[in-house]
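Examination of the molecular architecture
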Amino acid sequence: MNENRDRLRIAVQKSGRLSEQSLALLRRAGLAFRASRDRLFLYGENMPVDVLLVRDDDIPGLLIEGSCELGIVGRNVLDEQRLAVPDQPAPTELQALGFGGCRLAIAVPDNGPLGSIDDLAGTRIATSYPAHLADWLRARNIKAEIVVLNGSVEIAPRLGKAHAICDLVSSGATLAANQLHELVTVMKSEAVLALSPRTQNATTAAQIERLCARIAGAQSGDGVRLLMLQAPRSALPAITRLLPACNTPSVLSLDNQPDAVAIQALCSDALDWHHLEELKRLGASGLMVLNVERMLV
Ligand code: ATP
Ligand code: ZN
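Residues numbered from 1 in each chain as written. Chains lettered and ligands numbered in written order. Predicted model: local features only at pLDDT ≥ 70, side-chain atom pairs only at ≥ 80, totals over all residues. Heavy atoms only, no water.

**Quick look at the site of ligand 1**
The cut-off we apply is this: Near, as used in this document, describes a residue that has one of its heavy atoms within 4 Å of the molecule or strand being considered. Identification of polar contacts relies on pairs of N or O atoms within 3.5 Å, with a donor-acceptor requirement for protein atoms, meaning one able to donate a hydrogen and the other able to accept it, and with residues adjacent in sequence counted only if both atoms are side-chain atoms. The rule is simple: put a 1 Å grid over the protein atoms alone, call a set of points where a 1.4 Å probe fits but cannot get out a cavity, call an open set with protein on both sides within 12 Å along at least five of seven lines a pocket, and count a residue as lining if it has an atom within 4 Å of a point. Cavities and pockets are treated as containing a molecule whenever more than half of the molecule's atoms lie within 2 Å of their grid points. Note that Gly is not counted as nonpolar here; it falls among the polar residues with everything else outside the nonpolar set of Ala, Val, Leu, Ile, Met, Phe, Trp, Tyr, Cys and Pro and the charged set of Asp, Glu, Lys and Arg.
Taken together, 15 residues lie near ligand 1, and Arg17, Arg55, Asp57, Asn76 and Ser170 sit nearest. A distance of 2.8 Å is found between an oxygen atom of ligand 1 and a side-chain nitrogen or oxygen belonging to Arg55. According to the grid-proximity analysis, the pocket containing ligand 1 is the largest pocket. Grouping the constituent residues of the shell around ligand 1 by class yields four nonpolar, seven polar and four charged.

Structure below.
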(Lines give C-alpha, C1' and ligand atoms only; values in the text may rest on other atoms or scores of the structure.)
(Ligands and ions follow the chains in the order given, each with its own letter.)
Protein backbone atom coordinates (compact mmCIF):
# COMPACT_ATOMS: atom_id res chain seq x y z
CA MET A 1 0.00 0.00 0.00
CA ASN A 2 1.08 3.58 -0.58
CA GLU A 3 3.20 4.62 2.38
CA ASN A 4 1.01 7.64 3.17
CA ARG A 5 -2.11 5.53 3.50
CA ASP A 6 -3.24 2.98 6.00
CA ARG A 7 -6.43 2.10 4.15
CA LEU A 8 -6.91 -0.11 1.11
CA ARG A 9 -8.39 1.38 -2.02
CA ILE A 10 -10.52 -0.43 -4.53
CA ALA A 11 -11.34 1.18 -7.88
CA VAL A 12 -14.83 0.70 -9.30
CA GLN A 13 -16.53 2.11 -12.39
CA LYS A 14 -18.30 5.37 -11.46
CA SER A 15 -21.27 5.10 -13.78
CA GLY A 16 -21.77 2.46 -16.38
CA ARG A 17 -22.63 -1.15 -16.93
CA LEU A 18 -20.47 -2.49 -14.09
CA SER A 19 -21.13 0.13 -11.39
CA GLU A 20 -24.23 -1.16 -9.71
CA GLN A 21 -23.20 -4.81 -9.53
CA SER A 22 -19.66 -3.96 -8.41
CA LEU A 23 -20.95 -1.98 -5.43
CA ALA A 24 -23.60 -4.59 -4.66
CA LEU A 25 -20.85 -7.23 -4.53
CA LEU A 26 -18.74 -5.13 -2.16
CA ARG A 27 -21.76 -4.62 0.09
CA ARG A 28 -22.39 -8.37 0.13
CA ALA A 29 -18.73 -8.78 1.05
CA GLY A 30 -19.55 -6.86 4.21
CA LEU A 31 -18.47 -3.31 3.36
CA ALA A 32 -20.62 -0.35 4.39
CA PHE A 33 -19.93 3.00 2.70
CA ARG A 34 -20.54 6.69 3.04
CA ALA A 35 -20.24 8.83 -0.12
CA SER A 36 -17.94 11.84 -0.22
CA ARG A 37 -19.59 15.14 -1.19
CA ASP A 38 -18.09 15.07 -4.69
CA ARG A 39 -19.21 11.43 -5.10
CA LEU A 40 -15.76 10.36 -6.28
CA PHE A 41 -15.02 8.42 -3.13
CA LEU A 42 -16.92 6.03 -0.90
CA TYR A 43 -15.50 5.86 2.61
CA GLY A 44 -15.61 2.43 4.14
CA GLU A 45 -17.33 2.78 7.49
CA ASN A 46 -16.70 -0.64 8.98
CA MET A 47 -13.40 -1.71 7.39
CA PRO A 48 -10.24 0.21 6.41
CA VAL A 49 -11.21 0.04 2.73
CA ASP A 50 -12.30 2.95 0.52
CA VAL A 51 -13.80 2.84 -2.96
CA LEU A 52 -12.57 5.14 -5.70
CA LEU A 53 -15.23 5.81 -8.37
CA VAL A 54 -13.59 6.29 -11.76
CA ARG A 55 -13.95 5.66 -15.51
CA ASP A 56 -13.34 2.01 -16.20
CA ASP A 57 -10.49 2.84 -18.62
CA ASP A 58 -8.56 4.45 -15.74
CA ILE A 59 -8.62 1.35 -13.53
CA PRO A 60 -5.59 -0.52 -15.00
CA GLY A 61 -3.47 2.65 -14.69
CA LEU A 62 -4.51 3.24 -11.07
CA LEU A 63 -3.51 -0.34 -10.24
CA ILE A 64 -0.19 -0.07 -12.07
CA GLU A 65 0.81 3.17 -10.31
CA GLY A 66 -0.35 1.79 -6.95
CA SER A 67 -3.06 4.42 -6.27
CA CYS A 68 -5.41 1.49 -5.71
CA GLU A 69 -4.60 -2.04 -4.55
CA LEU A 70 -7.68 -3.66 -6.10
CA GLY A 71 -10.08 -2.89 -8.93
CA ILE A 72 -13.25 -4.26 -10.48
CA VAL A 73 -13.05 -3.94 -14.24
CA GLY A 74 -13.91 -5.76 -17.46
CA ARG A 75 -11.28 -8.28 -18.52
CA ASN A 76 -11.40 -6.58 -21.93
CA VAL A 77 -10.11 -3.31 -20.41
CA LEU A 78 -7.52 -5.03 -18.22
CA ASP A 79 -6.08 -7.16 -21.02
CA GLU A 80 -6.10 -4.33 -23.55
CA GLN A 81 -3.73 -2.41 -21.27
CA ARG A 82 -1.54 -5.48 -20.75
CA LEU A 83 -1.33 -6.18 -24.49
CA ALA A 84 -0.76 -2.51 -25.35
CA VAL A 85 2.21 -2.16 -22.97
CA PRO A 86 3.59 -5.70 -22.70
CA ASP A 87 6.86 -4.84 -20.94
CA GLN A 88 5.21 -3.04 -18.01
CA PRO A 89 4.26 -4.87 -14.78
CA ALA A 90 0.56 -5.64 -15.25
CA PRO A 91 -2.30 -6.07 -12.77
CA THR A 92 -3.26 -9.68 -12.08
CA GLU A 93 -6.76 -11.05 -12.60
CA LEU A 94 -7.60 -12.65 -9.25
CA GLN A 95 -11.11 -13.77 -9.89
CA ALA A 96 -13.89 -13.62 -12.48
CA LEU A 97 -16.99 -12.07 -10.92
CA GLY A 98 -19.84 -13.49 -12.99
CA PHE A 99 -21.38 -10.23 -14.25
CA GLY A 100 -20.72 -7.81 -17.13
CA GLY A 101 -20.47 -10.77 -19.48
CA CYS A 102 -19.73 -9.90 -23.11
CA ARG A 103 -17.35 -10.81 -25.92
CA LEU A 104 -15.02 -8.89 -28.14
CA ALA A 105 -16.00 -9.96 -31.64
CA ILE A 106 -15.25 -9.14 -35.23
CA ALA A 107 -18.45 -8.27 -37.08
CA VAL A 108 -19.08 -7.66 -40.76
CA PRO A 109 -21.93 -6.09 -42.79
CA ASP A 110 -24.91 -8.31 -43.59
CA ASN A 111 -25.04 -9.27 -47.28
CA GLY A 112 -21.44 -8.08 -47.75
CA PRO A 113 -18.49 -9.88 -49.34
CA LEU A 114 -16.80 -10.82 -46.03
CA GLY A 115 -17.87 -14.37 -45.17
CA SER A 116 -14.90 -15.90 -43.39
CA ILE A 117 -11.81 -14.99 -41.39
CA ASP A 118 -9.61 -15.28 -44.49
CA ASP A 119 -11.62 -12.53 -46.19
CA LEU A 120 -10.36 -10.07 -43.55
CA ALA A 121 -6.92 -9.88 -45.22
CA GLY A 122 -6.41 -6.45 -46.75
CA THR A 123 -9.48 -4.91 -45.06
CA ARG A 124 -9.79 -2.00 -42.65
CA ILE A 125 -11.20 -2.96 -39.22
CA ALA A 126 -12.49 -0.32 -36.79
CA THR A 127 -12.09 -0.91 -33.04
CA SER A 128 -11.54 0.62 -29.61
CA TYR A 129 -9.42 -2.43 -28.77
CA PRO A 130 -6.42 -2.12 -31.11
CA ALA A 131 -4.04 -4.19 -28.98
CA HIS A 132 -6.45 -7.14 -28.77
CA LEU A 133 -7.21 -6.95 -32.47
CA ALA A 134 -3.53 -6.63 -33.46
CA ASP A 135 -2.69 -9.61 -31.25
CA TRP A 136 -5.48 -11.71 -32.77
CA LEU A 137 -4.53 -10.79 -36.36
CA ARG A 138 -0.82 -11.42 -35.68
CA ALA A 139 -1.52 -14.88 -34.24
CA ARG A 140 -3.39 -15.81 -37.45
CA ASN A 141 -0.98 -14.04 -39.75
CA ILE A 142 -3.77 -11.91 -41.22
CA LYS A 143 -2.65 -8.53 -42.55
CA ALA A 144 -5.37 -5.93 -42.04
CA GLU A 145 -5.41 -2.24 -41.21
CA ILE A 146 -6.64 -1.23 -37.76
CA VAL A 147 -8.65 1.99 -37.46
CA VAL A 148 -8.87 3.15 -33.84
CA LEU A 149 -12.20 4.72 -32.86
CA ASN A 150 -13.23 5.57 -29.33
CA GLY A 151 -16.97 5.35 -29.72
CA SER A 152 -19.75 4.44 -32.16
CA VAL A 153 -17.56 1.80 -33.75
CA GLU A 154 -20.64 0.04 -35.12
CA ILE A 155 -21.42 2.83 -37.60
CA ALA A 156 -17.91 2.84 -39.13
CA PRO A 157 -18.79 0.44 -42.00
CA ARG A 158 -21.82 2.55 -43.02
CA LEU A 159 -19.69 5.70 -42.98
CA GLY A 160 -17.17 3.99 -45.25
CA LYS A 161 -14.47 4.23 -42.57
CA ALA A 162 -13.97 0.48 -42.28
CA HIS A 163 -14.99 -2.83 -43.86
CA ALA A 164 -15.48 -4.60 -40.52
CA ILE A 165 -15.47 -3.82 -36.80
CA CYS A 166 -14.07 -5.44 -33.67
CA ASP A 167 -16.29 -4.47 -30.75
CA LEU A 168 -17.95 -5.68 -27.55
CA VAL A 169 -21.15 -7.62 -28.03
CA SER A 170 -23.55 -9.01 -25.47
CA SER A 171 -26.99 -9.65 -26.96
CA GLY A 172 -26.04 -8.75 -30.53
CA ALA A 173 -28.97 -6.29 -30.79
CA THR A 174 -26.69 -3.31 -31.53
CA LEU A 175 -25.00 -5.23 -34.32
CA ALA A 176 -28.34 -6.26 -35.81
CA ALA A 177 -29.61 -2.68 -35.65
CA ASN A 178 -26.59 -1.65 -37.72
CA GLN A 179 -26.97 -4.48 -40.26
CA LEU A 180 -23.87 -6.27 -38.96
CA HIS A 181 -23.33 -9.83 -37.80
CA GLU A 182 -20.58 -11.61 -35.89
CA LEU A 183 -17.87 -13.38 -37.78
CA VAL A 184 -15.66 -14.57 -34.94
CA THR A 185 -15.07 -14.07 -31.21
CA VAL A 186 -11.72 -12.51 -30.32
CA MET A 187 -12.06 -12.84 -26.53
CA LYS A 188 -14.67 -13.52 -23.86
CA SER A 189 -14.98 -11.01 -21.07
CA GLU A 190 -16.71 -10.37 -17.77
CA ALA A 191 -16.04 -8.20 -14.74
CA VAL A 192 -12.98 -9.36 -12.81
CA LEU A 193 -11.27 -8.54 -9.54
CA ALA A 194 -7.79 -7.23 -10.36
CA LEU A 195 -4.76 -6.74 -8.13
CA SER A 196 -2.09 -4.04 -8.39
CA PRO A 197 1.34 -5.31 -9.52
CA ARG A 198 2.99 -3.21 -6.76
CA THR A 199 4.59 -5.26 -4.00
CA GLN A 200 2.73 -4.86 -0.74
CA ASN A 201 4.06 -5.03 2.79
CA ALA A 202 2.98 -8.00 4.88
CA THR A 203 0.17 -6.14 6.70
CA THR A 204 -1.34 -4.81 3.48
CA ALA A 205 -0.99 -8.17 1.76
CA ALA A 206 -2.90 -9.79 4.64
CA GLN A 207 -5.64 -7.12 4.41
CA ILE A 208 -5.91 -7.64 0.66
CA GLU A 209 -6.13 -11.38 1.12
CA ARG A 210 -8.89 -11.02 3.69
CA LEU A 211 -10.93 -8.69 1.50
CA CYS A 212 -10.47 -10.95 -1.53
CA ALA A 213 -11.66 -13.96 0.48
CA ARG A 214 -14.75 -11.99 1.47
CA ILE A 215 -15.42 -10.95 -2.11
CA ALA A 216 -14.95 -14.54 -3.26
CA GLY A 217 -17.34 -15.65 -0.53
CA ALA A 218 -19.97 -13.10 -1.54
CA GLN A 219 -19.54 -14.02 -5.20
CA SER A 220 -19.67 -17.76 -4.74
CA GLY A 221 -23.10 -17.36 -3.13
CA ASP A 222 -24.38 -15.85 -6.40
CA GLY A 223 -26.61 -18.29 -8.19
CA VAL A 224 -26.50 -20.74 -5.26
CA ARG A 225 -29.64 -21.82 -3.41
CA LEU A 226 -30.05 -23.78 -0.22
CA LEU A 227 -32.80 -26.37 -0.49
CA MET A 228 -34.28 -27.77 2.71
CA LEU A 229 -36.87 -30.52 2.90
CA GLN A 230 -37.98 -33.62 4.75
CA ALA A 231 -38.59 -36.93 3.02
CA PRO A 232 -38.99 -40.67 3.56
CA ARG A 233 -35.54 -42.26 3.91
CA SER A 234 -36.41 -44.61 1.04
CA ALA A 235 -36.80 -41.66 -1.34
CA LEU A 236 -33.25 -40.41 -0.69
CA PRO A 237 -31.55 -41.93 -3.76
CA ALA A 238 -34.25 -40.65 -6.15
CA ILE A 239 -34.14 -37.19 -4.55
CA THR A 240 -30.35 -36.98 -4.75
CA ARG A 241 -30.44 -37.93 -8.43
CA LEU A 242 -32.94 -35.19 -9.19
CA LEU A 243 -31.15 -32.25 -7.58
CA PRO A 244 -28.98 -29.82 -9.54
CA ALA A 245 -26.74 -29.95 -6.47
CA CYS A 246 -23.40 -28.21 -6.00
CA ASN A 247 -22.13 -30.69 -3.43
CA THR A 248 -23.23 -33.80 -1.55
CA PRO A 249 -26.45 -33.04 0.36
CA SER A 250 -26.40 -33.21 4.17
CA VAL A 251 -28.80 -35.84 5.46
CA LEU A 252 -30.03 -35.50 9.04
CA SER A 253 -32.02 -37.97 11.16
CA LEU A 254 -35.25 -36.81 12.74
CA ASP A 255 -36.13 -37.51 16.37
CA ASN A 256 -38.50 -40.48 16.76
CA GLN A 257 -38.92 -40.83 12.99
CA PRO A 258 -36.51 -43.57 11.87
CA ASP A 259 -38.02 -43.74 8.38
CA ALA A 260 -37.72 -40.02 7.63
CA VAL A 261 -34.78 -37.69 7.03
CA ALA A 262 -34.20 -33.95 6.69
CA ILE A 263 -32.09 -32.93 3.71
CA GLN A 264 -30.09 -29.75 3.13
CA ALA A 265 -28.52 -29.30 -0.28
CA LEU A 266 -26.70 -26.45 -1.97
CA CYS A 267 -28.12 -26.27 -5.47
CA SER A 268 -27.47 -24.16 -8.53
CA ASP A 269 -30.13 -21.64 -9.50
CA ALA A 270 -31.27 -24.19 -12.08
CA LEU A 271 -33.43 -25.42 -9.20
CA ASP A 272 -36.94 -24.39 -10.28
CA TRP A 273 -40.63 -25.09 -9.60
CA HIS A 274 -40.48 -28.18 -11.76
CA HIS A 275 -37.86 -29.71 -9.41
CA LEU A 276 -39.95 -28.85 -6.35
CA GLU A 277 -43.06 -30.46 -7.82
CA GLU A 278 -41.08 -33.56 -8.70
CA LEU A 279 -39.59 -33.72 -5.17
CA LYS A 280 -43.07 -33.45 -3.69
CA ARG A 281 -44.18 -36.33 -5.92
CA LEU A 282 -41.31 -38.39 -4.46
CA GLY A 283 -42.72 -37.81 -0.98
CA ALA A 284 -40.81 -34.68 0.12
CA SER A 285 -42.54 -32.18 2.39
CA GLY A 286 -41.70 -28.84 4.01
CA LEU A 287 -39.72 -27.72 0.96
CA MET A 288 -37.86 -24.44 1.29
CA VAL A 289 -35.48 -22.70 -1.11
CA LEU A 290 -33.29 -19.93 0.32
CA ASN A 291 -30.87 -17.57 -1.40
CA VAL A 292 -27.30 -17.98 -0.19
CA GLU A 293 -25.86 -14.61 0.67
CA ARG A 294 -22.27 -15.58 1.43
CA MET A 295 -20.15 -18.70 1.69
CA LEU A 296 -16.78 -19.47 3.21
CA VAL A 297 -15.66 -22.86 2.02
P1 ATP B 1 -16.75 4.71 -18.73
O2 ATP B 1 -17.51 5.99 -18.68
O3 ATP B 1 -16.49 4.16 -17.35
O4 ATP B 1 -15.51 4.77 -19.59
P5 ATP B 1 -17.73 2.89 -20.79
O6 ATP B 1 -18.73 3.54 -21.68
O7 ATP B 1 -16.35 2.67 -21.28
O8 ATP B 1 -17.76 3.65 -19.39
P9 ATP B 1 -19.61 0.70 -20.29
O10 ATP B 1 -20.37 0.79 -21.57
O11 ATP B 1 -20.31 1.06 -19.02
O12 ATP B 1 -18.21 1.46 -20.35
O13 ATP B 1 -19.05 -0.80 -20.19
C14 ATP B 1 -18.25 -1.20 -19.12
C15 ATP B 1 -17.89 -2.64 -19.31
O16 ATP B 1 -19.06 -3.44 -19.34
C17 ATP B 1 -17.17 -3.00 -20.61
O18 ATP B 1 -15.79 -2.69 -20.57
C19 ATP B 1 -17.41 -4.49 -20.66
O20 ATP B 1 -16.48 -5.18 -19.83
C21 ATP B 1 -18.80 -4.64 -20.03
N22 ATP B 1 -19.89 -4.92 -21.00
C23 ATP B 1 -20.82 -5.89 -20.88
N24 ATP B 1 -21.66 -5.92 -21.93
C25 ATP B 1 -21.27 -4.95 -22.75
C26 ATP B 1 -21.76 -4.47 -24.03
N27 ATP B 1 -22.80 -5.00 -24.64
N28 ATP B 1 -21.12 -3.41 -24.57
C29 ATP B 1 -20.09 -2.84 -23.94
N30 ATP B 1 -19.58 -3.26 -22.76
C31 ATP B 1 -20.16 -4.31 -22.17
ZN1 ZN C 1 -14.68 3.24 -20.62
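**A few points about the nonpolar core**
Our working definition: Side-chain atoms within 4.5 Å are what join buried Ala, Val, Leu, Ile, Met, Phe, Trp, Tyr and Cys residues into a set we call a nonpolar core. Only protein chains enter the accessibility calculation, which uses a 1.4 Å probe; a residue whose area is less than 20% of its type maximum is buried, one above 50% is exposed, and one in between is partly exposed. To qualify as a helix, a DSSP run of H or I must reach at least 4 residues; to qualify as a strand, a run of E must reach at least 2; elements of each kind are numbered from the N terminus. For every domain, the bounds stem from an assignment made automatically or drawn from a database. What makes two residues a contact is simply this: any of their non-hydrogen atoms within 4.5 Å.
In this structure, Ile106, Leu120, Ile125, Trp136, Ala164 and Cys166 are the most contacted members of the largest nonpolar core, which totals 29 residues. If you list the elements that add at least two residues to this core, you get strand 4 (49-54), helix 2 (59-65), helix 3 (75-84), strand 7 (102-109), helix 4 (130-139), strand 10 (164-169), strand 11 (180-189) and strand 12 (191-195). Counting contributing residues, this core receives three or more from each of domain 1 (8-99 + 191-220) and domain 2 (102-188). Discounting residues that sit within four places of it in the chain, Ile125 has contacts with Leu120, Leu133, Leu137, Ala144, Glu145, Ile146, Val147, Ala162, Ala164, Ile165 and Cys166.

**Examining the sheet that holds strand 3 (residues 41-44)**
Pairing between the strands of a sheet is mediated by backbone hydrogen bonds and can be parallel or antiparallel. We apply this condition: Pairing between strands is defined by DSSP: at least two bridges between them are needed. Axis lines are fitted through C-alpha atoms, for helices just across the contact stretch, and the angle between N-to-C directions can take any value from 0 to 180 degrees.
Judged by pairing direction, the sheet is mixed, and its seven strands sit side by side in the order 2-3-4-1-5-12-6 without closing on themselves. At either margin of the open sheet sits one strand with a lone partner, and together these are strand 2 (33-35) and strand 6 (92-96). Mean inter-strand twist for the sheet, computed between neighbouring axes without regard to direction, equals 25 degrees. Relative to the sheet, helix 3 contacts strand 5 (70-74), strand 6 and strand 12, its axis offset from that of strand 5 by approximately 105 degrees. Sheet strands in contact with helix 6 (residues 202-220) are strand 1 (8-13), strand 4, strand 5, strand 6 and strand 12, and its direction is about 30 degrees off that of strand 6.

**Some thoughts on helix 1 (residues 19-28)**
Heads up, the rule is: Think of the arc as the fan of directions from the helix axis to the C-beta atoms.
What helix 1 keeps buried is the set Ser19, Ser22, Leu23, Leu25 and Leu26. Projected down its long axis, helix 1 shows its buried positions confined to an angular sector of 155 degrees, all on one face. Where the residues of helix 1 are buried, they touch strand 1, strand 2, strand 3, strand 4, strand 5 and helix 6. Positive phi appears at Gly30, one or two residues downstream of helix 1, with a value of about 105 degrees.

**Points about the coordination of the zinc ion (ligand 2)**
Worth spelling out the cut-off: Water is not part of the atom set, so a site may look incomplete; the donors themselves are N, O and S atoms within 2.8 Å of the metal, or 3.2 Å for Na, K and Ca. Here a site with four donors is tetrahedral if all angles are between 85 and 135 degrees, and a site with four or six donors is square planar or octahedral if opposite donors are over 155 degrees apart and the other angles are between 65 and 115; anything else gets the irregular label.
Here the zinc ion (ligand 2) is held by the protein donor atoms Asp56 (OD) and Asp57 (OD), which lie 2.0 to 2.1 Å from it. Coordination at the zinc ion (ligand 2) is irregular, judged from the four donor atoms that bind it and the angles of 74 to 174 degrees they form at the metal. When its relative accessible area of 19% is taken as the criterion, Asp56 is described as buried. The exposure class of Asp57 is partly exposed, given its relative accessible area of 43%.

**A look at the sheet that holds strand 10**
Across the sheet, five strands lie side by side as 9-8-10-7-11; this open sheet has mixed pairing. In the strand order of this sheet, the two ends are held by strand 9 (145-148) and strand 11, each with one partner. Across the sheet, the mean angle separating the axes of adjacent strands is 30 degrees when strand polarity is ignored. For strand 8 (residues 124-127) and strand 10, the ladder comprises three bridges, and the chain directions are parallel. Bridged to Ile125 within strand 10 is Ala164. Set on the sheet, helix 3 makes contact with strand 10 and strand 11; between it and strand 11 the angle comes to about 75 degrees.

**Topic: the packing of aromatic side chains**
Aromatic rings considered in pairs are described by the distance between their centres and by the relative angle of their planes. For clarity, the threshold we go by: Whether two aromatic rings pair depends on their centres lying within 6.5 Å, for rings of Phe, Tyr and Trp, where Trp uses its six-membered ring; planes under 30 degrees apart make the pair stacked, over 60 edge-to-face, and the rest tilted.
Applying the stated criterion across every chain, the model contains one aromatic pair. Between Phe41 and Tyr43, the aromatic rings sit 5.2 Å apart at their centres with planes inclined by 50 degrees, giving tilted as the arrangement.

**Let's talk about the layout of surface pockets**
Quick note on the threshold: Grid points are joined across faces, edges and corners, and a volume is the space filled by probe spheres set on the points.
Roughly 1100 Å³ of internal volume is contained in the largest pocket. Counting residues per element, the ones that place at least two in the lining of the largest pocket are helix 3, strand 10 and helix 5 (173-177). When grouped by side-chain class, the residues that make up the lining of the largest pocket number 16 nonpolar, 17 polar and nine charged. Counting residues domain by domain, the lining of the largest pocket receives three or more from each of domain 1 (8-99 + 191-220) and domain 2 (102-188).

**Things to note about unusual backbone geometry**
Its identity is not glycine, yet Arg39 carries a phi of approximately 60 degrees, on the positive side. Its place among the elements puts Arg39 in the loop between strand 2 and strand 3. We note that Asn111 has phi near 60 degrees; this positive angle belongs to a residue other than glycine. Topologically, Asn111 is positioned in the loop between strand 7 and strand 8.

**Focus on the side chain of His132**
Summarising the element assignment, His132 is placed in helix 4. Within the local environment of His132, its side chain forms a polar contact with the side chain of Glu80, the two groups lying 2.9 Å apart. In this structure His132 touches Asn76, Asp79, Glu80, Leu83, Leu104, Val186 and Met187, once residues within four positions along its chain are discounted.

**Thoughts on the packing of helix 1 against helix 6**
Stated precisely, the cut-off is as follows: When describing relative orientation, an angle under 35 degrees is termed roughly parallel and one over 145 degrees roughly antiparallel, while 65 to 115 degrees is termed roughly perpendicular and anything else oblique.
Across the interface, helix 1 lies against helix 6 with an axial gap of 8 Å and an inter-helix angle of 110 degrees. If you check the angle between helix 1 and helix 6, you find them roughly perpendicular. Here Leu25, Leu26 and Arg28 of helix 1 come into contact with helix 6, specifically with Ile215, Ala218 and Gln219. Grouping the amino acids of the contact of helix 1 with helix 6 by side-chain chemistry returns four nonpolar, one polar and one charged.

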